[in-house]
Amino acid sequence: MKFFLTIYLCSYFNGVCLTPHTFYDEPHDDIYSCLLSGYEKSINKTKEIGRVEINKHGIYSRFSCDEKKFNKEKTDTKELGVES
């Protein structure tokens, strides 16, 4: 089993989130490394969006680390339990 990071970008003001992004190309061996990646990617995305846009739209990020079966020879999204 591997852990896969999913990041959600949301707006406090609109009460909606964009379509989540799961990093299937970056499986993690444990939840610890997945969590560290989630915090790093969230910080980087916040910096990329910038102070003005974050404040203007009330943007925030959240993330989850979900455990799924992973087969290195077959990385089809169906194998990971994800519908295309």
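Residues numbered from 1 in each chain as written. Predicted model: local features only at pLDDT ≥ 70, side-chain atom pairs only at ≥ 80, totals over all residues. Heavy atoms only, no water.

K.L.:
Teacher, can you tell me more about the overall build of the protein chain here?
P.N.:
Within the protein chain, the secondary structure is distributed over 2 helices and 4 strands. Beginning at the N terminus, the succession of helices and strands in the protein chain can be written as β-β-β-α-α-β. Long-range pairs, those at least 24 residues apart, make up 67% of the contacts in the protein chain between residues at least 6 apart in sequence. (Helix = DSSP H or I, 4+ residues; strand = E, 2+ residues; numbered from the N terminus. Contact = heavy atoms within 4.5 Å.)

K.L.:
Mind showing me how you'd approach the nonpolar core here?
P.N.:
Within soluble globular proteins, side chains that are nonpolar generally end up buried alongside one another. With 6 residues, the main nonpolar core is built from Phe-3, Leu-5, Ile-7, Phe-23, Cys-34 and Cys-65. Sorting elements by how many residues they give to this core places strand β1 (residues 2-11) first, with 3 residues. In this structure, Leu-5 is in contact with His-21, Thr-22, Phe-23, Cys-34, Ser-37, Gly-38, Lys-41, Phe-63, Ser-64 and Cys-65, ignoring residues within four places of it in sequence. (Core = buried A, V, L, I, M, F, W, Y, C linked by side-chain atoms within 4.5 Å. Buried < 20%, exposed > 50% of the residue type's maximum accessible area, 1.4 Å probe, protein only.)

K.L.:
For this particular structure, what's the right way to read the pattern of salt bridges?
P.N.:
Any two side chains of opposite charge can pair if their charged atoms end up close together. In total, this model carries 3 salt bridges according to the counting rule given. Of the charged contacts, one joins Lys-45 and Glu-48 as a salt bridge, the two residues approaching to 3.1 Å between their closest N and O atoms. Here the residue Lys-45 and the residue Glu-48 both occupy positions in helix α1 (residues 31-49), the gap between them amounting to 3 residues, near one helical turn. Glu-48 sits in the exposed class, given a relative accessible area of 61%. (Salt bridge = Lys/Arg side-chain N within 4 Å of Asp/Glu carboxyl O.)

K.L.:
How should the state of the cysteines be read in this particular structure?
P.N.:
In a disulfide, the sulfur atoms of two cysteines are held together by a covalent bond. Counted by the stated rule, this structure contains 2 disulfides. The disulfide partner of Cys-10 is Cys-17, and the S-S distance across this bridge is 2.0 Å. Around the S-S axis, the bridge from Cys-10 to Cys-17 shows a dihedral of about 100 degrees and counts as right-handed. With relative accessibility at 3%, the residue Cys-10 sits in the buried group. Bridging Cys-34 to Cys-65, the disulfide has an S-S length of 2.2 Å. Taking the torsion about the sulfur-sulfur bond, which here is approximately -100 degrees, the covalent link between Cys-34 and Cys-65 counts as left-handed. With a gap of 31 residues between them, Cys-34 in helix α1 and Cys-65 in strand β4 (residues 59-68) connect regions that are remote in the sequence. In the protein chain, the bonded cysteines, numbered by position in the sequence, are linked as 1-2, 3-4. (Disulfide = S-S within 2.5 Å.)

K.L.:
Would you explain the packing of aromatic side chains in this entry?
P.N.:
How two aromatic rings sit relative to each other is given by the distance of their centres and the angle of their planes. In the structure shown here, the tally under the stated rule is 3 aromatic pairs. Centre to centre, the rings of Phe-4 and Tyr-24 are 5.6 Å apart; their planes meet at 50 degrees, and the pair counts as tilted. Note that Phe-4 is positioned in strand β1 and Tyr-24 in the loop between β3 (21-22) and α1, a separation of 20 residues in sequence. A relative accessible area of 1% places Phe-4 in the buried class. Where Tyr-39 meets Phe-63, the ring centres are 4.9 Å apart and the plane angle is 90 degrees; that geometry is what we call edge-to-face. With Tyr-39 in helix α1 and Phe-63 in strand β4, this pair connects stretches of sequence that are 24 residues apart. Between the NZ or CZ atom of Lys-41 and the centre of the ring of Phe-23, over which it lies, the distance is 4.7 Å. The ring of Tyr-8 has Arg-62 sitting right over it, with the charged end atom 4.3 Å from the ring centre. (Phe/Tyr/Trp six-rings, centres within 6.5 Å; stacked < 30°, edge-to-face > 60°. Lys NZ or Arg CZ within 6 Å of the ring centre and 35° of its normal.)

Everything listed here is a matter of geometry and, on its own, says nothing about what the molecule does.
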